[in-house]
2 protein chains.
Amino acid sequence: MKRNSRLSLALHTLGHMAVNPRKMRTSAEIAEHAGTNPVVVRRVLGKLRQAGLLISEKGHAGGWQLAREPQEITLADIYLALDESLIATGRTEEPSRCSVEHALHQKVASVMADIEKSLIERLASTTIAEVGGAESGHL
Amino acid sequence: MKRNSRLSLALHTLGHMAVNPRKMRTSAEIAEHAGTNPVVVRRVLGKLRQAGLLISEKGHAGGWQLAREPQEITLADIYLALDESLIATGRTEEPSRCSVEHALHQKVASVMADIEKSLIERLASTTIAEVGGAESGHL
DNA sequence: CATCACGAAACTTAAATAGTTACGAGAATA
DNA sequence: TATTCTCGTAACTATTTAAGTTTCGTGATG
């Protein structure tokens, strides 16, 4: 797999779930379809479960399922659940006693914050039902 | 140094150059101020030279200087010169024979492209003269 | 011609992420 | 009850990317 594949994996998986919301899927099935490992799947989907987007169950009939209707889950929900900004802001930690650096950081951080907000708004306008639903006889 | 420090380094350096555009700076000086290595500085500033933002000269009085007036260099110029998108789009290469994945990728890529365009517009509205110029008696 | 600075290649180090192995806990089924 | 299936999690390895470092060549200045 490649970099930043967590969001891809999450979107892809929930897209399929939207097509067939009642089906219980195991992490092994999901992993095979996505070309990765069951543990990786559980790691990623675990965050979505924490965010209330998914439900997981153990045991024989266990697996993963949407926690609510596909029309009620947007791409922004998934993006936010993973809690990893796609907007790389250059890791801001130090107090930066250099005034030029400080001014720049203020400016760039402000732009980045706006951009991220805008990104989330854009993602919020699409639900997984729309993305997965283009096709209905799949998986 | 941290990750994605190239843009920070570039912005920081050109911010200072904007304050004092006639001064010739060596990569050693710049590196010390930025807390990094001269070779790293040359690597980053080299891309800005390729983009026509900086001029470098060898020899005794050599070093780095702005290629044009600070009012004529925007943050977008620097961002674009480095040619590294801050918008991580999850590396799209495979044809993706899965229709759900394809639909998702289309959607996300389209949003990301818009966002990046918007980011560049925002950065283009600020010049390094504005950022560095808040202060004049520095370096 | 000695020195200073960039240019670039090659290598090492460090950090982040994906992949893997392993094992415990809980739930369904025989 | 015992078995089996699945998630949950920890620990480890492998891979990738970027930064840092060393080194040497080139050109310009004094």
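You'll find the structure just up there.
Residues numbered from 1 in each chain as written. Chains lettered and ligands numbered in written order. Predicted model: local features only at pLDDT ≥ 70, side-chain atom pairs only at ≥ 80, totals over all residues. Heavy atoms only, no water.

### With respect to the nonpolar core
Grouped together as the largest cluster of nonpolar side chains are 76 residues, with contacts concentrated most on Leu14, Leu48 and Ile78 of chain A together with Leu14, Leu48 and Ile78 of chain B. The residues touching Leu14 of chain A, leaving out its near neighbours within four places in the chain, are Leu48, Leu54, Leu66, Ile73, Ile78 and Ile128 of chain A. (Core = buried A, V, L, I, M, F, W, Y, C linked by side-chain atoms within 4.5 Å. Buried < 20%, exposed > 50% of the residue type's maximum accessible area, 1.4 Å probe, protein only. Contact = heavy atoms within 4.5 Å.)

### Description of helix 1 (residues 5–19) of chain A
Given 3.6 residues per helical turn, the α-helix brings residues three or four places apart onto the same face. If you check helix 1 of chain A, its first and last C-alpha atoms are 21 Å apart, about what 15 residues at 1.5 Å a residue would give, namely 21 Å. The buried count for helix 1 of chain A comes to 13 of 15 residues, which makes it a mostly enclosed element. (Helix = DSSP H or I, 4+ residues; strand = E, 2+ residues; numbered from the N terminus. Expected span 1.5 Å × (residues − 1).)

### Details of the packing of helix 1 of chain A against helix 2 (residues 27–34) of chain A
Residue and element names in this part refer to chain A. The N-to-C vectors of helix 1 and helix 2 enclose an angle of 115°; their axes lie 11 Å apart at closest approach. One way to sum up the angle between helix 1 and helix 2 is to call them roughly perpendicular. Note on packing geometry: the crossing formed by helix 1 with helix 2 is right-handed. The residues of helix 2 that touch helix 1, namely those facing Leu9, His12, Thr13, His16 and Met17, are Ile30, His33 and Ala34. Tallied by class, residues from the contact of helix 1 with helix 2 come to 4 nonpolar, 4 polar and no charged. (Axes fitted to C-alpha atoms, helices over the stretch in contact; angles between N-to-C directions. Parallel < 35°, antiparallel > 145°, perpendicular 65-115°, else oblique. Left-handed = near helix turned anticlockwise from the far one by under 90°. Nonpolar A, V, L, I, M, F, W, Y, C, P; charged D, E, K, R; others polar.)

### A short note on empty space enclosed by the protein
All told, the structure shown has 1 cavity of 30 Å³ or more when counted by the stated rule. Its boundaries defined by the atoms lining it, the largest cavity holds a volume of some 40 Å³. Every residue lining the largest cavity is listed: Leu7, Leu11, Leu75, Tyr79 and Leu123 of chain A together with Val108 and Met112 of chain B. Secondary-structure elements contributing two or more residues to the lining of the largest cavity are helix 1 and helix 4 (75–82) of chain A together with helix 5 (99–124) of chain B. Split into classes, the residues belonging to the lining of the largest cavity amount to 7 nonpolar, no polar and no charged. (1 Å grid on protein atoms, 1.4 Å probe; cavity = no way out; pocket = protein on both sides within 12 Å on 5 of 7 lines; lining within 4 Å. Points joined across faces, edges and corners; volume = space filled by probe spheres on them.)

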